[in-house]
Amino acid sequence: MQKEQVAEMHRILKEYHQYIVERHADTLLPQYLGMYRITINDSETYLLVVRNVFSPRLKIHRKYDLKGSTVARQASDKERAKGLPTYKDNDFLSNGQLIQVGEEKRKKLMEMIQADTEFLSSLHLMDYSLLVGIHDCTATDHDCNDSFDNDADNDADGEEDEDSPGSGNAGVPTPPDSPMVASPPPIFTGDLDPAIEHFAIKCNDQCPRTEVYFISLIDILTHYGVKKRTAQAAKTVKHGAGAEISTVKPDQYARRLLDFVEKIIE
C-alpha cells in the first residue's frame, strides 16, 4: 500500500465501519479484514487484507474494471495478451456485454451501488472501480475448481524439502500453530454459497448464456485532493471540457458511474 492509501484507511475507518453495520453488510464495498505493518531494517510496508471478490471454485472467464468513463478506457495490447485480461469500459460496450439479472435483482443491485457511491462521495473519495467477473456455466465442468487446483499444483511444484540444502529451513521444526492446508471447496452444483460467493449473482433465465456475475466496488482509497485536482485540470486541457475523463469531482464521479451501470444492468 502507498502512504496515501494508509492515511485514507485510517481517516475513513470509523465511518466505514459504521456504514457497514448500518447496511447490515448489504453493500458492494470491499470487506477489509485487517491491515498490517511490517518493519524490516527501518523500512515500513503495509499490507491490506481484503475478502476475495471471486469464488475459489468458479473460474472467471471474463473480467472488467469499470469506471463509467470512455476516455482511454480500453485494455492495452499487453493486457489483452494475458490469460485473463482485465478489460475496461469501452471493451465492455464494444463486446456487447450486459449484466442480465432480472428486475428484482437489478433493483437491489442498483440500490446498493447508489448507496455505496453516495457514501464514498461524502468522504471525498473517487477513482474507484466496479469490478465485474463473469463465470460462464456452459464451460466444461473441470473449469469449476481450476483456481484451487492450480494453487495446489503450484505449491507442490515449488515445494522444497525443509532439510534440503538451500531451503533456509534446515533443522527448523514446524510451529504447532501453523495453518493446515486448505481442503478444496465443494463442487458447484448450481447453488451459490454465501460464505465463499458473497459478491455473486446469478443471471436470469432470459440470459443467452448461463452466467454467474461477481460484482464489487474496489480501490476506494483515493482522496480527491490537490494531486487529483491537478490531474483533472491536465486531462481537461488535453481532452477538452466535454470529455468523459476518469478524474472528476467525487459527486460527479459517483453519478457518472451510476449512470453507466444503469445502462448495462438488465
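See the structure shown above.
Here goes a summary of the coordinates provided. Just so we're clear, the structure is a prediction, and the values are computed from it rather than from any experiment.

A closer look at unusual backbone geometry
Moving on, step 1. Positive phi is not limited to glycine here, since His24 has a value of about 55°.
Moving on, step 2. Even without being a glycine, Asp219 presents a positive backbone phi close to 55°.
Moving on, step 3. With respect to the secondary-structure elements, Asp219 resides in the loop between strand E7 (211-218) and helix H6 (226-239).

Here's the deal with helix H4 (residues 103-122)
Moving on, step 1. The end-to-end C-alpha distance of H4, which contains 20 residues, comes to 28 Å, matching closely the 28 Å that a straight helix rising 1.5 Å per residue would cover.
Moving on, step 2. Backbone geometry just after H4 places His124 at a positive phi near 60°.

As for the side chain of Ser129
Moving on, step 1. Locating Ser129 in the fold gives a position in strand E5 (residues 129-136).
Moving on, step 2. Within the local environment of Ser129, its side chain forms a polar contact with the side chain of Lys67, the two groups lying 3.1 Å apart.
Moving on, step 3. With near-sequence residues (within four places) excluded, Ser129 lies in contact with Asp65, Leu66, Lys67, Ser216, Leu217 and Ile218.

What to know about the environment of Leu13
Moving on, step 1. By the element assignment, Leu13 lies in helix H1 (residues 3-22).
Moving on, step 2. Distance in space between the C-alpha atoms of Leu13 and Tyr32 is 9.8 Å, their sequence separation being 19 residues.

Calculation notes
Residues numbered from 1 in each chain as written. Predicted model: local features only at pLDDT ≥ 70, side-chain atom pairs only at ≥ 80, totals over all residues. Heavy atoms only, no water. Helix = DSSP H or I, 4+ residues; strand = E, 2+ residues; numbered from the N terminus. Expected span 1.5 Å × (residues − 1). Polar contact = N/O pair within 3.5 Å; in protein donor to acceptor, adjacent residues only side chain to side chain. Contact = heavy atoms within 4.5 Å.

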